[in-house]
There are 2 protein chains.
Amino acid sequence: MAHALRGVIAPVPTPFDADGSVATELFTAHAHRVLADGCVGIAPFGTTGEANSVGLSERMSALEALAQSGIAPERMVPGCGVTNIADTALLSRHATDLGCAGAMLLPPFYYKSVPDDGLYDYYARVIDTVGRDGLRIYLYHIPQIAGVGMPVPVARRLREAFPEVVVGLKDSSGSWESNAAFLGIDGLAVYLGSEKPLMEALELGAAGTITVSANLNPGPIAEVIRLFDAGDRDGAARVQERVSAFRTLMEGYPTIPMLKRLLAVATGDARWAAPLPPLPAVPEGEGRDLARRLADEFGILAAA
Amino acid sequence: MAHALRGVIAPVPTPFDADGSVATELFTAHAHRVLADGCVGIAPFGTTGEANSVGLSERMSALEALAQSGIAPERMVPGCGVTNIADTALLSRHATDLGCAGAMLLPPFYYKSVPDDGLYDYYARVIDTVGRDGLRIYLYHIPQIAGVGMPVPVARRLREAFPEVVVGLKDSSGSWESNAAFLGIDGLAVYLGSEKPLMEALELGAAGTITVSANLNPGPIAEVIRLFDAGDRDGAARVQERVSAFRTLMEGYPTIPMLKRLLAVATGDARWAAPLPPLPAVPEGEGRDLARRLADEFGILAAA
């Protein structure tokens, strides 16, 4: 995993104009902010980024806008996985040609309970269809939302068959048993979807974390990794405690709608507040209340 | 529901060449065959048609190929629903401009447990984005696969708000309670996804059935509806018995892979046998065994 990003990666949310198109200047401004505040990279068009609520052509143009705004493509791991080989390859080729660090690929998530061989064949054919030596794939395991997970044996088989291509994995299952199993796959750069077990994951060789919290609290999460890497485990553990307390507080709210409402409060731009259907918006008052609490308890969004 | 198709509609499967592209001549030949054998229409790119395994541009070109092969667009209700408003509108506008009877729309199926208002807003925005008076929508309820269903209250609300547009619904839930609830929505043309409760559904005003079995057994299913409409309920019930026995037999096999294997046996073209990943293929021997049984017991595929 020599080339994988080490640290905190933000799965940035996607802001929309009233007509449903991506509000590009808000999108790029937020990406620059999290990178300035401690993230080593961004993962646009993940679950948090409402990737599957955005049309294919707009996903590509918004990714280009991030690059044109001055974000180095090698700091981006965009979500490129849809339900079919052709369009997944289309998005992945586009990201590869743009110079992105990788393409994060959901399993095909329409048919449920598909056999392991079917999932393996799917990825093998995506790789073949992309047809680019520069392709780097990050597998994405989030069974509670996608309805289809990435079985550990399939991830291992793909890593072994395509060691130059299948370089990373994000595990958003929230299961430590799952986390540990993926962390045991040789040479795979594993990122947990939650920063709560970050210390334990780093001990097992995790590359970092790709967590929704990185959109609000990137500095302290990055600090845990910095102190860990410097050999200061006590210092890292102290910061981890605050980092975990923040996550626990946030877990009481609907993740994507509340993140977007908080960014609307912080930026003063109401466009941030509204996810695309079918996701609902969080009422403004709830966002203001939580923003106040985050400012008081964690010094986050203190300018709001 | 004056303009909805009355009868049996076949959700036709999609055959692929080795490179994953649609095998157009096999596709159109099968569509012509089921229409000649008793179907009143076809529903390409449904779940059976592996719609979500096919890229957007190819879905549109394959639909055009069906029309160019001489199938009247007013006999086609293609699946046009993906996970986002923009591409769902793109496919629906294309189908509308082609003159199709309607566009069948899955609920957005990535995020689970979304609120009813979010689903309603999603369809309302699709309708607005399509921007065509000729748009006719068939809702599609298949929660066991999509992971997101069409709640009865949302279907009723959409029907009432857009009576010229939301004209039909396919219920593949397999639940009679669900079937009956949708059949109770005024003016909605309801098609069950199974022909087993066809008689009961017709009694409650069903428009027909859109069933995978229509790809193999269209004549007898159409005969049930013809006899029912002619007032011969005893005759209809006798045919229904055989129709249900066929369905029960088929339920013992993986639906899409076995249908495709049987068509490979019947046509002698092995391309039919292979679904796109992640779906697996059924071994040739199993297909031959079942084909023999279908020929013996039901006179289906007797030429094989």
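Remember, it's a predicted structure, so these values are computed and weren't measured experimentally. (Residues numbered from 1 in each chain as written. Chains lettered and ligands numbered in written order. Predicted model: local features only at pLDDT ≥ 70, side-chain atom pairs only at ≥ 80, totals over all residues. Heavy atoms only, no water.)

## Quick word on the relation of the copies chain B and chain A
Structural alignment of chain B on chain A gives an RMSD of 0.0 Å, achieved by rotating through 180° and translating 0.0 Å along the axis. Seen this way, the second copy is the image of the first under a two-fold rotation axis. Ranked by how close their C-alpha atoms come to the rotation axis, the residues of chain B are headed by Gly 147 of chain B, at 3.5 Å. Take the interface residues of chain B: 100% of them recur as interface residues in chain A, which is what a same-surface contact looks like. (Least-squares fit on C-alpha atoms with pLDDT ≥ 70 in both. Contact = heavy atoms within 4.5 Å.)

## Some points on helix α9 (residues 218–229) of chain A
All names here are of chain A. A rise of 1.5 Å per residue sets the reference length of α9, with its 12 residues, at 16 Å; its end C-alpha atoms lie 17 Å apart and thus fit the reference within 8%. Here α9 has its buried residues at Pro 218, Ile 221, Ala 222, Val 224, Ile 225, Leu 227 and Phe 228. Looking at the buried side of α9, the elements it contacts are β1 (7–10), α1 (24–36), α8 (198–203), β7 (208–210) and α10 (233–250). Where α9 terminates, the next one or two residues include Gly 231, which has phi positive at roughly 85°. (Helix = DSSP H or I, 4+ residues; strand = E, 2+ residues; numbered from the N terminus. Expected span 1.5 Å × (residues − 1). Buried < 20%, exposed > 50% of the residue type's maximum accessible area, 1.4 Å probe, protein only.)

## Some thoughts on the sheet that holds strand β1 (residues 7–10) of chain B
All names here are of chain B. Within the open sheet, the seven strands sit side by side as β2-β1-β7-β6-β5-β4-β3. Their pairing is parallel. Where the open sheet ends on each side, the last strands, each with one partner, are β2 (41–42) and β3 (103–105). Note: strand β5 (residues 166–171) against strand β6 (residues 189–192), four bridges, orientation parallel. Residue pairing for β6: Leu 169 is matched across the bridge by Val 190. (Pairing = 2+ DSSP bridges.)

## Looking at helix α3 (residues 85–97) of chain A
With 13 residues, α3 of chain A should cover 18 Å at 1.5 Å per step; its first-to-last C-alpha distance of 18 Å lies within 8% of that length. Of all the residues in α3 of chain A, the buried ones are Ile 85, Asp 87, Thr 88, Ala 89, Leu 91, Ser 92, His 94, Ala 95 and Thr 96 of chain A. Turning to α3 of chain A, the residues buried within the fold contact α2 (56–68), β3 (103–105) and α4 (116–130) of chain A together with α2 (56–68) of chain B. The residue sitting at the N-terminus of α3 of chain A and contributing the capping side-chain oxygen is Asn 84 of chain A; that oxygen lies 3.2 Å from the backbone nitrogen of Ala 86 of chain A. Positive backbone phi, at 95°, marks Gly 99 of chain A, one or two positions downstream of α3 of chain A. (Polar contact = N/O pair within 3.5 Å; in protein donor to acceptor, adjacent residues only side chain to side chain.)

## Here we look at the confidence of the model for chain A
Mean pLDDT for chain A: 97, with 98% of residues reaching 70 or above. Confidence metrics for the complex model read pTM 0.98 and ipTM 0.97. (pLDDT = per-residue confidence, 0-100.)

## Some details on the pairing of β1 of chain A
All names here are of chain A. In terms of strand pairing, β1 meets β7 through three bridges, oriented parallel. Bridging from a neighbouring strand, Gly 7 pairs with Gly 208 of β7. As defined by bridge partners, β1 adjoins strand β2 (residues 41–42) across two bridges and the pair is classed as parallel. When the sheet's bridge partners are listed, Ala 10 is paired in β2 with Ile 42. Each parallel crossover has a hand, and the one from β1 via α1 to β2 is right-handed. (Right-handed = clockwise from strand over helix to strand, strands pointing away.)

## Details of the environment of Leu 204 of chain A
All names here are of chain A. Along the chain, Leu 204 falls in the loop between α8 and β7. Overall, Leu 204 belongs to the partly exposed group, its relative accessible area being 43%. Each residue touching Leu 204, except ones within four places of it in the same chain, is listed here: Trp 176, Ala 180 and Leu 183.

## Quick word on empty space enclosed by the protein
Any empty space left between atoms is shown by rolling a water-sized probe over those atoms. For the structure shown, the criterion picks out seven cavities of 30 Å³ or more. In this structure, the largest cavity encloses a volume near 170 Å³. Lining the largest cavity are 21 residues, and of these Val 82, Thr 83 and Asn 84 of chain A together with Val 82 and Asn 84 of chain B sit closest to its centre. Of the residues that constitute the lining of the largest cavity, the class distribution is 10 nonpolar, seven polar and four charged. In this structure, the second largest cavity spans a volume of roughly 80 Å³. By residue class, the composition of the lining of the second largest cavity is eight nonpolar, five polar and two charged. (1 Å grid on protein atoms, 1.4 Å probe; cavity = no way out; pocket = protein on both sides within 12 Å on 5 of 7 lines; lining within 4 Å. Points joined across faces, edges and corners; volume = space filled by probe spheres on them. Nonpolar A, V, L, I, M, F, W, Y, C, P; charged D, E, K, R; others polar.)

## Description of the domain arrangement of chain A
All names here are of chain A. Its domain assignment divides chain A into domain 1 (7–251) and domain 2 (257–299). Computed from C-alpha coordinates alone, the two centres of domain 1 and domain 2 are separated by 23 Å. Every contact between the two is made by 22 residues of domain 1 and, on the other side, 19 residues of domain 2. Sorting the residues of domain 1 by area buried against domain 2 places Leu 26, Glu 50 and Leu 249 first, and these three jointly supply 29% of that buried surface. Taken together, the connections running from domain 1 to domain 2 amount to three salt bridges. A salt bridge links Glu 50 to Lys 260, with the shortest nitrogen-to-oxygen separation between them at 2.5 Å. In this structure, the connection of domain 1 to domain 2 is made through six residue pairs in polar contact (both at pLDDT 80 or more). (Domains from an automatic or database assignment. Buried area = accessible area lost by both parts, 1.4 Å probe. Salt bridge = Lys/Arg side-chain N within 4 Å of Asp/Glu carboxyl O.)

## Some points on the packing of aromatic side chains
Counted according to the given criterion, the structure contains 15 aromatic pairs over all chains. Summarising the aromatic geometry, the rings of Tyr 122 of chain B and Tyr 123 of chain B are spaced 5.7 Å apart at their centres and angled 80° between planes, so their arrangement reads as edge-to-face. The pair Tyr 122 of chain B / Tyr 123 of chain B is uniform in exposure class, with both members buried. These aromatic residues form a ring-pair network of at least three members: Phe 109, Tyr 110 and Tyr 111 of chain A together with Phe 109, Tyr 110 and Tyr 111 of chain B. (Phe/Tyr/Trp six-rings, centres within 6.5 Å; stacked < 30°, edge-to-face > 60°.)

## Considerations on unusual backbone geometry
Along the chain, Pro 277 of chain A connects to Pro 278 of chain A via a cis peptide bond; the corresponding omega equals 20°. Here Pro 278 of chain A lies in the loop between α11 (255–267) and α12 (284–298). The phi dihedral of Ser 113 of chain A falls on the positive side, at around 55°, and the residue is not glycine. Considering the arrangement of structural elements, one finds Ser 113 of chain A in the loop between β3 and α4. The class of Ser 113 of chain A is exposed, set by a relative accessible area of 75%. At Phe 45 of chain B, a residue that is not glycine, the phi angle is positive and equals roughly 60°. Here Phe 45 of chain B shows up in the loop between β2 and α2. Phe 45 of chain B sits in the buried class, given a relative accessible area of 3%.

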